[in-house]
Amino acid sequence: MNIYKNILSAKTDQKKLLAVLLDPEKVDIEKLPSFLDKIHKSMVTHIFVGGSTDENQQIETLVNALKKLSKLPVILFPGSSEQVINAADGLLFLSLVSGRNSEYLIGQQIKAAQTLKRNSLEIIPTGYLLIDGGTETAVQRVSKTTPLAQDQLKEIVSTALASEYLGQKLIYLEAGSGAKKPVSTTIIKEVKKQISVPLIVGGGIRNKQQLEQAYIAGADLVVIGTAFELNLNFFDS
Ligand SMILES: CC(C)=CCC/C(C)=C/CC/C(C)=C/CC/C(C)=C/COP(=O)(O)OP(=O)(O)O
Ligand SMILES: O=P(O)(O)OC[C@@H](O)CO
Ligand SMILES: [Mg+2]
């Protein structure tokens, strides 16, 4: 599977991508077939798996089940190095570039490196920017970093650009799972104007209008977690 190549071709063809985020702590494995039935009938193109925490290490069971039941690419979106599971197809090798906690800039990545070397996951270096979504989110709590404010436009754009210059292959603008307000279209537009790698946007997107607005502003891939957790019919129509 060549996940990154497919994301690049989708970007070139202006085909919008949609990821559903499945949180190992929240998914009931018994219900997975019916979840997937909904997902397979929808526009969803990627399955992201991960959580800010995974106290009971349920990620492996979830990924194994997903690989049996779905042909969609399963991509790890890890909150920590403990969430690296070989059974997935790929991994967002996140660095939390909006923060100044070295553990999330490079520490967790070092912890995962030898496991990754032995495994066959497609590794996709990703510059991860946490942007204030109007409430304290799990990512902020776990990473002990302060999100960038939505009005720090210059700082956000420069952070994304610096991240690309450091070699990150994707930029992820994150308002945090369950955010009150998603990343603004102004931010998406400005970042999109300056970077050339594909752009992921997620956090707090609760309705079709917000999803559409994120695409129009320039998101190449949008991530939906909470909205689907709350309403399994979210992707219908
Ligand atoms: C590259 C490797 C091995 C690890 C990356 C480690 C880093 C830098 C993580 C970034 C910070 C972080 C904690 C990200 C978590 C991303 C994530 C999966 C968020 C989803 O959050 P939820 O668990 O859904 O939150 P709620 O439970 O509040 O909905
Ligand atoms: O749960 P939501 O708010 O959709 O957020 C999705 C994802 O970007 C969280 O890391
Ligand atoms: Mg969540």
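Residues numbered from 1 in each chain as written. Chains lettered and ligands numbered in written order. Predicted model: local features only at pLDDT ≥ 70, side-chain atom pairs only at ≥ 80, totals over all residues. Heavy atoms only, no water.

Turning our attention to the site of ligand 2. Taken together, 14 residues sit near ligand 2, with E174, S177, G204, G225 and T226 positioned nearest. Between ligand 2 and G225 there is a distance of 2.8 Å, counted from an oxygen atom to a backbone nitrogen or oxygen. Taken by itself ligand 2 offers 300 Å² of open surface, and the protein chains cover 98% of this. Grouping the constituent residues of the shell around ligand 2 by class yields 5 nonpolar, 8 polar and 1 charged. (Near = heavy atom within 4 Å. Polar contact = N/O pair within 3.5 Å; in protein donor to acceptor, adjacent residues only side chain to side chain. Areas by Shrake-Rupley, 256 points an atom, 1.4 Å probe, with all protein chains shown as cover. Nonpolar A, V, L, I, M, F, W, Y, C, P; charged D, E, K, R; others polar.)

Further remarks concern the packing of helix α7 (residues 185-194) against helix α8 (residues 208-217). Running from amino to carboxyl end, α7 crosses α8 at an angle of 25°, the nearest separation of the two axes being 8 Å. Considered as vectors, α7 and α8 are oriented roughly parallel to each other. In terms of crossing hand, the pair formed by α7 and α8 is right-handed. Only Q213, A214 and A217 of α8 make contact with α7, whose side of the interface consists of T185, I188, K189 and K192. Of the residues assigned to the contact of α7 with α8, the class counts are 3 nonpolar, 2 polar and 2 charged. (Axes fitted to C-alpha atoms, helices over the stretch in contact; angles between N-to-C directions. Helix = DSSP H or I, 4+ residues; strand = E, 2+ residues; numbered from the N terminus. Parallel < 35°, antiparallel > 145°, perpendicular 65-115°, else oblique. Left-handed = near helix turned anticlockwise from the far one by under 90°. Contact = heavy atoms within 4.5 Å.)

What follows deals with the UniProt feature "binding site: Mg(2+)" (unreviewed entry) in the protein. Sequence positions flagged by UniProt for "binding site: Mg(2+)" (unreviewed entry) are, in local numbering, D23 and S52. Across 30 residues, the annotated set stays spatially compact, with a maximum C-alpha separation of 8.7 Å. Take D23: it is sitting in the loop between β1 (17-22) and α2 (32-40). For D23, a relative accessible area of 12% gives the class buried. Residues contacting D23, with those up to four places away along its chain left out, are G50, G51, T53, L62 and E229. Note on placement: S52 falls in the loop between β2 (46-49) and α3 (59-69). Classification of S52 by relative accessible area gives partly exposed; the value is 24%. (UniProt positions renumbered as here; feature names shortened; annotations may be inferred. Buried < 20%, exposed > 50% of the residue type's maximum accessible area, 1.4 Å probe, protein only.)

Glancing now at the UniProt feature "binding site: sn-glycerol 1-phosphate" (unreviewed entry) in the protein. Annotation from UniProt places "binding site: sn-glycerol 1-phosphate" (unreviewed entry) at Y172, L173, E174, A175, G176, S177, G178, G203, G204, G225 and T226. You can call L173 buried: its relative accessible area is 0%. If we ignore the near neighbours within four places in the chain, the residues touching L173 are L129, I131, I156, V183, I187, I188, V191, L199, I200, V201 and G202. Of note, E174 is situated in strand β6 (residues 170-174). Look past the residues within four positions of E174 in its chain and what remains in contact with it is F77, Y128, L129, L130, I131, V183, G202 and G203.

Below, the discussion takes up the pattern of salt bridges. Under the criterion given, the structure shown has 11 salt bridges. Residues K41 and D37 are paired through a salt bridge, measuring 3.2 Å at the closest nitrogen-oxygen approach. (Salt bridge = Lys/Arg side-chain N within 4 Å of Asp/Glu carboxyl O.)

Okay, the packing of aromatic side chains next. Per the stated rule, a full pass over the model turns up 7 aromatic pairs. Each ring, one from F35 and one from F228, has its centre 5.9 Å from the other, and the planes form 75°; the classification is edge-to-face. Of this pair, F35 sits in helix α2 while F228 sits in helix α9 (residues 226-230), and the two are 193 residues apart along the sequence. With centroids separated by 5.1 Å and ring planes inclined at 20°, the aromatic side chains of F77 and Y172 adopt a geometry described as stacked. Of this pair, F77 sits in the loop between β3 (74-76) and β4 (90-96) while Y172 sits in strand β6; the two residues are 95 residues apart in sequence, bridging distant segments of the chain. (Phe/Tyr/Trp six-rings, centres within 6.5 Å; stacked < 30°, edge-to-face > 60°.)

Moving on to the nonpolar core. Counting residues in hydrophobic clusters, the biggest one holds 80 residues, and the most contacted among them are F48, L173 and I224. Ranked by residues supplied to this core, first place goes to β1 with 6 residues. Residues contacting F48, with those up to four places away along its chain left out, are A19, V20, L21, L22, I75, F77, L92, Y172, I200, L221 and V223. (Core = buried A, V, L, I, M, F, W, Y, C linked by side-chain atoms within 4.5 Å.)

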